[in-house]
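Here's the letter readout for the chains.
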Amino acid sequence: MPAADAAAPVAATLARVVAADHARIVAAVIATVGDWQVAEDALQDACERALTSWAHDGLPANPAGWLVTTARRRGIDLLRRAAGRESTAQRYGSALERGLLAPDDGGDGDDGGGGPGIGDDRLRLVLTCAHPALPLQARVALTLRTVLGWTPAEIARSLLSTEAAIDKRLVRARAKIAHAGIPYRLPSPQDLPGRIDGVLAVVHLLFTTGYADAGRAELMAEAVRLGRLVRDLLEPAAPERCEASGLLALMLAQRSRQRARFDADGEPVLMDRQDRSLWDRDAVAEARHLLDEVLQHAAHRRRPVGRYVLQAAIALEHAQPREAGDTDWVRIAELHRLLDRVAGSPAQRIAWAVAAGRAHGPLRGLEVLDGVRRGEGLHLFHAARADLLEAAGQLAEAERAYARAAGLAPGAGERAALSARQRALADRCTRTAPTTRP
């Protein structure tokens, strides 16, 4: 095949490999060179070399392993050029002696995905990204960039920031790791609990990003996998394992509905209208088992549960019924009340108000909604208020609330749906308005 003809399929294959194995590749290279920026530069160089080599010689048996080995060698070369052979050897050897790095296996990378221990390297990568010495937003950005391979532009969109700000955040985070001597290894059992909150926050963000976007559902699978790794790393008796289990149960319960959440046109389907035969009952059962295990452990140890456990309990109350009419809204409203005490937020209070309205009537829901701080600027606040007002028979006020919600909605789809509700309600108000006689 001529080189020009081979370029396109090679580039497509390379893109797929990097997208699927970015974290494994970067983790293995960091384990060798000990410098996060050098590792990323080395991987970029390896990708450029792959375009030429693979087009000329054909695809290697293990493309990811080829990239690991090439990037490792390039990374060591970059360090040597920057600091000189002697200082690099001292740095590399000293790091190995201190257990900060994994030695290069020296292989060609085609026999096991880039060398032994690469799976552990990936977990080391996640935990290092979530080190408490880094600010939370830096942990999130670094995980998205290094573990998932997101571009700074993608991270900026997700975190409602600018690309320049994300670039600075990443540079500072890498510098902090280097200058503070943060080790690239699994923390000791004594240090691990302090790292879990940051890890869980990052994992949850990855999941919610994929959950919100039908085109990025693979992020949910990645978050579930990372959640399992973190949970399995913790001792069964560790208090932090409860929240890790709770987060895993929450993600499984929410992801169980994925096949029914969108229609053929990609539009979201309300939970009450979803085809429940499409829900993943095995995932629901696993989530139920995890939650039961957590609650038994918490009761035995007399320990309070955290927000992820409560959120998982709410998600399961939605996921377990075979029919929408069997949903226990009283139980859901009570769980939301408890969650509001543990981790109150405007979004959480709005969800509680909706549940309270379904459980105890719209007037009770409106009472809860009145407690939302700064609700006037949130489209979800006005959408929930409109729904509750409509259920209470206050149609004129409900119409105005739908209009307000539509004006604040961030997306065209939500805006169109809310405007449609407003128009339908306006028609009802017109038909039911009393006729004035002369």
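None of the values given here were measured: they were computed from a predicted structure.

Conventions adopted
- Residues numbered from 1 in each chain as written.
- Predicted model: local features only at pLDDT ≥ 70, side-chain atom pairs only at ≥ 80, totals over all residues.
- Heavy atoms only, no water.
- Helix = DSSP H or I, 4+ residues; strand = E, 2+ residues; numbered from the N terminus.
- Buried < 20%, exposed > 50% of the residue type's maximum accessible area, 1.4 Å probe, protein only.
- Contact = heavy atoms within 4.5 Å.
- Areas by Shrake-Rupley, 256 points an atom, 1.4 Å probe, with all protein chains shown as cover.
- Core = buried A, V, L, I, M, F, W, Y, C linked by side-chain atoms within 4.5 Å.
- Phe/Tyr/Trp six-rings, centres within 6.5 Å; stacked < 30°, edge-to-face > 60°.
- Lys NZ or Arg CZ within 6 Å of the ring centre and 35° of its normal.
- pLDDT = per-residue confidence, 0-100.

Right, let's get into the overall build of the chain. Regarding its fold elements, the chain presents 19 helices and zero strands. Within the chain, buried positions represent 46% of all 438 residues. Put simply, 64% of the contacts in the chain that link residues at least 6 apart link residues at least 24 apart. When the accessible surface of the chain is summed, it comes to about 21,900 Å², and 52% of that surface belongs to carbon and sulfur atoms.

Time to look at the nonpolar core. Counting 97 residues, the largest nonpolar core has W36, L67, L125, L142, V147 and M251 as the members making the most contacts within it. When residues of this core are assigned to their parent elements, the largest contribution, 13 residues, is made by helix α1 (residues 3-33). The next biggest cluster of nonpolar side chains, apart from the first, holds 24 residues, and it includes L389, A401, A405 and C429.

With respect to the secondary-structure elements, R145 resides in helix α6 (residues 136-146). Its relative accessible area of 18% is what places R145 among the buried residues. Setting aside anything within four residues of it in sequence, one finds R145 in contact with H22, E40, W150, P152, I155, L170 and R174.

Moving on, we come to the packing of aromatic side chains. Under the counting rule described, the total for this entry stands at two aromatic pairs. Measuring from centroid to centroid gives 5.5 Å for W54 and W66, while their planes differ by 75°, and the two rings are edge-to-face. Taken together, the positions of W54 in helix α2 (residues 36-57) and W66 in helix α3 (residues 63-83) put the pair twelve residues apart, joining distant regions of the chain. The exposure classification of W54 matches that of W66, with both residues buried. Residues F207 and Y211 carry aromatic rings whose centres are separated by 6.0 Å and whose planes lie at 25° to one another, so their mutual orientation is stacked. Of this pair, F207 and Y211 both sit in helix α9 (residues 192-212), four residues apart, which is roughly one turn of the helix. Y211 matches F207 in its accessibility class, with the two residues each being buried. Of note, R261 hangs over the ring of Y211, and the distance from its end group to the ring centre comes to 3.6 Å.

So, about the confidence of the model for the chain. Considering every residue of the chain, the mean pLDDT works out to 83; 87% of them sit at 70 or more. Counting interchain partners and residues more than four positions distant, the pLDDT-below-50 stretch residues 91-119 has 60 contacts.

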